[in-house]
Amino acid sequence: MKILVIGGTGLTGRLVTKKLAKLGHQVVIGSPSHGVDLLTGEGISGALENTEIVIDLSNSSSPDEETALHFFQAAGKNLVKAELAANIRHHLVLSIVGTDDALQIGYLRAKKYQEENIKNSGIPYTIIRSTQFHEHTDAIIAVQGNEEEVFVSKIDYQPIALEDVTDFIVQFALEEPKNGTVEIAGPTRANMDDFVAKYIEIAGKAIKVVSDDDSKYMHLVVPKSLLVPAGKYSPGKIHFEDWALNTLLP
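Residues numbered from 1 in each chain as written. Predicted model: local features only at pLDDT ≥ 70, side-chain atom pairs only at ≥ 80, totals over all residues. Heavy atoms only, no water.

## Concerning the overall build of the protein
Along the protein, the regular secondary structure elements total 8 helices and 13 strands. Here the C-alpha atoms of the protein give a radius of gyration of 19 Å, agreeing with the 18 Å that 2.2 N^0.38 yields for 250 residues. Dimensions of the protein, computed from the C-alpha atoms along their principal axes, are close to 55 × 40 × 35 Å. Out of the 250 residues belonging to the protein, those deemed buried represent 51%. In the protein, of all internal contacts separated by at least 6 residues, the share reaching a separation of at least 24 is 80%. Surface exposure of the protein reaches about 11,700 Å², of which carbon and sulfur atoms provide 51%. Both charge centroids of the protein, one from 23 positive and one from 33 negative side chains, sit 5 Å from each other. (Helix = DSSP H or I, 4+ residues; strand = E, 2+ residues; numbered from the N terminus. Rg over C-alpha atoms; globule rule 2.2 N^0.38 Å. Buried < 20%, exposed > 50% of the residue type's maximum accessible area, 1.4 Å probe, protein only. Contact = heavy atoms within 4.5 Å. Areas by Shrake-Rupley, 256 points an atom, 1.4 Å probe, with all protein chains shown as cover. Lys, Arg positive; Asp, Glu negative; His and termini not counted. Charge placed at Lys NZ, Arg CZ, Asp CG, Glu CD.)

## Details of the pairing of strand S4 (residues 90-96)
Counted residue by residue, S4 has 7 buried out of 7 residues, so it is predominantly covered. Examined bridge by bridge, strand S3 (residues 53-56) and S4 share 4 bridges and lie parallel to one another. If you follow Ile53 over to S4, its bridge partner there is His90. Between S3 and its parallel partner S4, the chain crosses via helix H3 (residues 65-86), and the hand of that crossover is right-handed. Examined bridge by bridge, S4 and strand S5 (residues 125-130) share 6 bridges and lie parallel to one another. By the bridge assignment, Val93 is partnered in S5 with Ile127. Running through helix H4 (residues 106-119), the crossover from S4 to the neighbouring parallel element S5 is right-handed. (Pairing = 2+ DSSP bridges. Right-handed = clockwise from strand over helix to strand, strands pointing away.)

## Regarding the sheet that holds strand S1 (residues 2-6)
Taken together, 7 strands build an open sheet; the order of strands is S2-S1-S3-S4-S5-S8-S13 and the sheet is parallel. Where the open sheet ends on each side, the last strands, each with one partner, are strand S2 (26-30) and strand S13 (234-235). Along the sheet face, helix H1 (residues 11-22) touches S1, S2 and S3 and points at about 170 degrees away from the line of S1. (Axes fitted to C-alpha atoms, helices over the stretch in contact; angles between N-to-C directions.)

## Details of the pairing of S2
Here 5 bridges tie S1 to S2, and the two strands are oriented parallel to one another. Opposite Leu4, over in S2, you have Val28 as the bridge partner. Regarding topology, H1 serves as the crossover connection from S1 to the parallel S2, and that connection is right-handed.

## Re H4
The terminal C-alpha atoms of H4 lie 20 Å apart, and with 14 residues this matches the ideal 20 Å at 1.5 Å per residue to within 8%. Burial analysis of H4 places 10 of its 14 residues in the buried class, the great majority of the element. Among all positions of H4, only Gly106, Tyr107, Leu108, Ala110, Lys111, Lys112, Gln114, Glu115, Asn117 and Ile118 are buried. Turning to H4, the residues buried within the fold contact S3, H3, S4 and S5. (Expected span 1.5 Å × (residues − 1).)

## Topic: the pattern of salt bridges
As a working rule, side chains carrying opposite charge can pair if their charged atoms are close by. Evaluated as defined, the whole model comprises 14 salt bridges. Across the pair Arg89 and Glu52 runs a salt bridge, and its minimum N-O distance is 3.1 Å. Residue Arg89 is found in the loop between H3 and S4, and its partner Glu52 is found in the loop between helix H2 (44-47) and S3; the two are separated by 37 residues along the sequence. Of the residues examined, Glu52 reaches a relative accessible area of 31% and is grouped as partly exposed. Ionic pairing is found between Asp100 and Lys112, a salt bridge with its closest N-O pair at 2.6 Å. Of this pair, Asp100 sits in the loop between S4 and H4 while Lys112 sits in helix H4, and the two are 12 residues apart along the sequence. Judged by its relative accessible area of 37%, Asp100 falls in the partly exposed class. With a relative accessible area of 18%, Lys112 lands in the buried category. (Salt bridge = Lys/Arg side-chain N within 4 Å of Asp/Glu carboxyl O.)

Next up, the structure:
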């Protein structure tokens, strides 16, 4: 099949593109560097010629609410218009677990708009809501800490490996559209500070984890269970500690 991967040059997009190509599919990368600009609409119609599936991994240049909302509104309008004209049979979008429960966060309001836009388009769709990636741990340490300490809440956490995420994206994209939302998460749930402490231990970093009950994530106050699935979900296979050992140790 011919499949358009919007955001195909990003970290997730590159892996998805590689997996699809290995399966024998014709993959078109949708990004400005490949002549596809969601904000202006340039190149979208051409990329959709004879395309059956669209995988939307697009993201705004900033998590700032105004920037994100502008991006998803403009991109969504241009993409849906072109997909309807091309009679796309399946649109898959990657979103975030807990979006409905923290709409006070501007970026999540923008992601919610992205979800609702495709839901209301008339195009057969699947929305994948994922927990945070294992690979996000360094960002948590950088944002929430300094050279000596990192301040981490005991909120619920269930990260998933990027490798598992890309496997799920490919799996669900090639299946029939769900016309609904599915959730994915890692195989293990614990407190966020436990994951960060294990990562720092394996990395051999001289950083102290200072745990608290502030229910904060990246300095934002969030519900305690925002970052984990609320109900049924598909679990990944790669455990956090195994991933960390493979990633951090020579």
